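Take a look at the letters that make up each chain.
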Amino acid sequence: MRTPPFAVILAWALLPVTDIPMPGFNGATARASEYTVAVSGVCPGRITLEWSGATPHRRQGIVFSRYQGQSVIPEGACKGTTLGISQPMLVRVIGTDGGSGALNVLTQLCAGYVQLVESGTCRTSNVARVP
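Let us look at the structure shown here. All figures in this text were calculated on a predicted structure; none of them were measured in a lab.

What counts, and where the lines are drawn
- Throughout, residues of each chain are indexed from 1 in the direction in which the sequence is written.
- The model is predicted, so local features are restricted to residues of pLDDT at least 70 and side-chain atom pairs to those at 80 or more, both for listing and for counting; the totals for chains, interfaces and linings are taken over all residues.
- Calculation of side-chain values draws on the structure's entire complement of heavy atoms; hydrogens and water are dropped beforehand.
- Only protein chains enter the calculation, and the probe is 1.4 Å; a residue is then buried if its accessible area is under 20% of its type maximum, exposed if over 50%, and partly exposed in between.
- Segments assigned H or I by DSSP are reported as helices when at least four residues long, segments assigned E as strands when at least two residues long, and all are numbered from the N terminus.
- One bridge is not enough; two strands pair if DSSP finds at least two bridges between them.
- Every axis in this analysis is a line fitted to C-alpha atoms, fitted for helices over the stretch in contact. Angles between the N-to-C directions lie between 0 and 180 degrees.
- Note on disulfides: each one is a pair of cysteine sulfur atoms within 2.5 Å.

### A look at the pairing of strand 7 (residues 101–107)
Right, so step 1: Burial of the side chains of strand 7 is restricted to one face: G101, L103, V105 and T107 are buried, whereas none of A102, N104 and L106 on the reverse face is.
Right, so step 2: Examined bridge by bridge, strand 2 (residues 45–52) and strand 7 share 7 bridges and lie antiparallel to one another. Bridge assignment links I47 to a residue of strand 7, and that residue is V105.

This is the structure in structure tokens:
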């Protein structure tokens, strides 16, 4: 079975969902202008991804790459959005609930970079280093 290209997966994952609350995440609403992500922990192993400044009740894609640089989302809802990583792959889509939160995961995606992309607005977070 052939895997769809990154752009198709990201376009589907970031379709706007503005009226549906995304339960299960904590945190108060941060200022929207400071959409940030931070990564801590030990890799391979358990890492924590923390974000703030997201628009409440939206989906956001977690995008990973081994490389810094730039790439542009070529199609879909966020067509033309510039990412701060090259050769990206969508890892997971999560809800933003109150605009900030954390996700603890076991991973082997190490020595790379993550960036968040918000559905609807197509805002991107900073790029954070994965240990």
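### Comments concerning the sheet that holds strand 1 (residues 36–41)
Across a sheet, paired strands are connected by hydrogen bonds in the backbone, their directions being either parallel or antiparallel.
Right, so step 1: The 3 strands are arranged 1-2-7 in an open sheet whose pairing can be described as antiparallel. Two strands bound the open sheet, and with one partner strand each, they are strand 1 and strand 7. On average, adjacent strands in this sheet sit at an angle of 20° to one another, irrespective of strand direction.
Right, so step 2: Pairing geometry for strand 1 and strand 2, over 6 bridges, is antiparallel. When the sheet's bridge partners are listed, A38 is paired in strand 2 with E50.

### Details of the sheet that holds strand 8 (residues 112–118)
Right, so step 1: Taken in spatial order, the 4 strands of this open sheet run 6-3-8-9, and their pairing is antiparallel. The sheet terminates laterally at strand 6 (89–95) and strand 9 (128–130), the two strands that pair on one side only. In this sheet, neighbouring strand axes are inclined to one another by 30° on average, regardless of whether the strands run parallel or antiparallel.
Right, so step 2: In this structure, strand 8 lies alongside strand 9, joined through 3 bridges in antiparallel fashion. Bridge pairing in strand 9 places G112 opposite V130.

### Considerations on the state of the cysteines
Right, so step 1: Applying the stated criterion across every chain, the model contains 2 disulfides.
Right, so step 2: Across the disulfide from C43 sits C110; the S-S distance is 2.0 Å. Between C43 and C110, the S-S torsion sits near -80°, and that sign places the bridge as left-handed. Here the residue C43 occupies a position in the loop between strand 1 and strand 2, and C110 occupies one in the loop between strand 7 and strand 8, the gap between them amounting to 67 residues. Accessibility classification places C43 together with C110 in one group, the buried group.
Right, so step 3: Across the disulfide, C78 is cross-linked to C122 (sulfur-sulfur distance 2.1 Å). Taking the sign of the S-S torsion, about -90° here, the bridge from C78 to C122 comes out left-handed. Here C78, found in the loop between strand 4 (67–72) and strand 5 (82–86), pairs with C122, found in the loop between strand 8 and strand 9; they are 44 residues apart in sequence, far enough to count as distant.
Right, so step 4: The class of C122 is buried, set by a relative accessible area of 14%.

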